[in-house]
Amino acid sequence: MAEMDTSSSGGGKKKHGVTKSKKLSTRVDMTPMVDLGFLLITFFMLTTTMSKPKTMDLIMPKDTEKEEEQNKVKESTALTILLGKKNQVYYYAGLAQDPNASSNPDFFKATSFANTGGIRDIIIQKRDEVARLRNHKGEPEDVVVIIKADDGATYQNFVDLLDEMAINRIQRYATVDISDQDKQWIKATETSNNIQ
């Protein structure tokens, strides 16, 4: 707020018939401006920290060639999910390291992202099944989801599947390159279901 200091010495005495004008000094009080400055700084600091983008943290294992340093997954706790083209989702229990697994017609199955009967129900069912198992310390086992994406899979489907991991509280999951055997199974299933 600006103030005018009207105090002057001598008053309005006339000297030689001329009235002497009063000298006015202006003094600007900057205290309210400093307060406003601090309020603006505080406001912008708070709004910038709240507008930070939220991202999902991914912890990637160390890439190593040594067999003893690689992370091992039990066949009984694994669920492999494959993303195909046209929003198709395929899955099978385990890691499919057994060459005789493909001879079982119920081994490789197709599903979707539907709310009922979709991949979410499959994940919940596998999680509950694995939770009944015990490890060597007597603790419940955790399900491990292996995610593989085919060349025709979309980024949206991959993000949707990561959302399913968060929704279903799956702590251990990994993205792995799709194998040639998986591609053959997807192609055979697409052919039998007439998916182009």
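Residues numbered from 1 in each chain as written. Predicted model: local features only at pLDDT ≥ 70, side-chain atom pairs only at ≥ 80, totals over all residues. Heavy atoms only, no water.

## Quick word on the overall build of the chain
Stage number 1. Within the chain, the secondary structure is distributed over four helices and nine strands.
Stage number 2. Listing the helices and strands of the chain from first to last along the sequence gives β-β-β-β-α-β-β-β-α-β-α-β-α.
Stage number 3. Counting across all 196 residues of the chain, residues that qualify as buried make up 24%.
Stage number 4. Taking as baseline every contact in the chain between residues at least 6 positions apart, the subset at least 24 positions apart corresponds to 59%.
Stage number 5. Accessible area of the chain: about 14600 Å², with a carbon and sulfur share of 54%. (Helix = DSSP H or I, 4+ residues; strand = E, 2+ residues; numbered from the N terminus. Buried < 20%, exposed > 50% of the residue type's maximum accessible area, 1.4 Å probe, protein only. Contact = heavy atoms within 4.5 Å. Areas by Shrake-Rupley, 256 points an atom, 1.4 Å probe, with all protein chains shown as cover.)

## Quick look at the pairing of strand E8 (residues 144-149)
Stage number 1. Among the six residues that make up E8, five are buried, leaving the element largely enclosed by the rest of the structure.
Stage number 2. Pairing between strand E5 (residues 78-83) and E8: six bridges, direction parallel. Its bridge partner being in E8, Leu 82 is matched across the sheet by Lys 148.
Stage number 3. Inspection of the sheet shows E8 paired to strand E9 (residues 172-175) by four bridges, in the parallel sense. (Pairing = 2+ DSSP bridges.)

## Focus: the packing of aromatic side chains
Stage number 1. If you walk through the whole model with that rule in mind, you get five aromatic pairs.
Stage number 2. Put simply, the rings of Tyr 90, Tyr 92, Phe 108 and Trp 185 pair up and form one aromatic cluster. (Phe/Tyr/Trp six-rings, centres within 6.5 Å; stacked < 30°, edge-to-face > 60°.)

## Here we look at the pattern of salt bridges
Any two side chains of opposite charge can pair, on the condition that their charged atoms come close.
Stage number 1. The tally for this structure, following the rule as stated, stands at five salt bridges.
Stage number 2. In this structure, the salt-bridge partner of Glu 129 is Lys 126, at a minimum N-O distance of 3.6 Å. With Glu 129 and Lys 126 both in helix H2 (residues 119-131), this residue pair falls three residues apart, about one helical turn.
Stage number 3. We classify Glu 129 as partly exposed; its relative accessible area is 35%.
Stage number 4. Judged by relative accessible area, Lys 126 falls into the buried class, the value being 7%. (Salt bridge = Lys/Arg side-chain N within 4 Å of Asp/Glu carboxyl O.)

## Overview of H2
Stage number 1. Between its first and last C-alpha, H2 extends 18 Å over 13 residues, near the 18 Å set by a 1.5 Å rise per residue.
Stage number 2. Taken together, the buried positions of H2 are Ile 119, Ile 122, Ile 123, Lys 126 and Val 130. Looking straight down H2, one finds that the buried residues subtend no more than 95 degrees of arc, so they occupy a single side.
Stage number 3. If you follow the buried residues of H2, they end up packed against E5, strand E6 (89-93), strand E7 (109-111) and helix H3 (155-167). (Expected span 1.5 Å × (residues − 1). Arc of directions from axis to C-beta.)

## Examining the nonpolar core
Stage number 1. Formed by 16 residues in total, the largest nonpolar core has its most connected members in Ile 81, Ile 119, Ile 123, Leu 161 and Met 165.
Stage number 2. Of all elements in the fold, only E5, E6, H2, E8 and H3 reach the threshold of two or more residues within this core.
Stage number 3. When residues of this core are assigned to their parent elements, the largest contribution, four residues, is made by H2.
Stage number 4. Contact partners of Ile 119, with chain neighbours within four places excluded, come to Ile 81, Val 89, Tyr 91, Thr 111, Ser 112, Phe 113, Leu 161 and Glu 164.
Stage number 5. Leu 82, Phe 108, Ile 178 and Ile 186 belong to the second-largest nonpolar core, a separate cluster that totals eight residues. (Core = buried A, V, L, I, M, F, W, Y, C linked by side-chain atoms within 4.5 Å.)

## Describing the sheet that holds E8
Stage number 1. Taken together, the five strands give an open sheet; going across it, the order is E7-E6-E5-E8-E9, and neighbouring strands pair in mixed fashion. Each edge of the open sheet is held by one strand with a lone partner, namely E7 and E9. In this sheet, adjacent strand axes meet at a mean angle of 25 degrees when their direction is disregarded.
Stage number 2. Along the sheet, helix H4 (residues 180-192) contacts E5, E6, E7 and E8; its crossing angle with E6, the most-contacted strand, is approximately 125 degrees. (Axes fitted to C-alpha atoms, helices over the stretch in contact; angles between N-to-C directions.)

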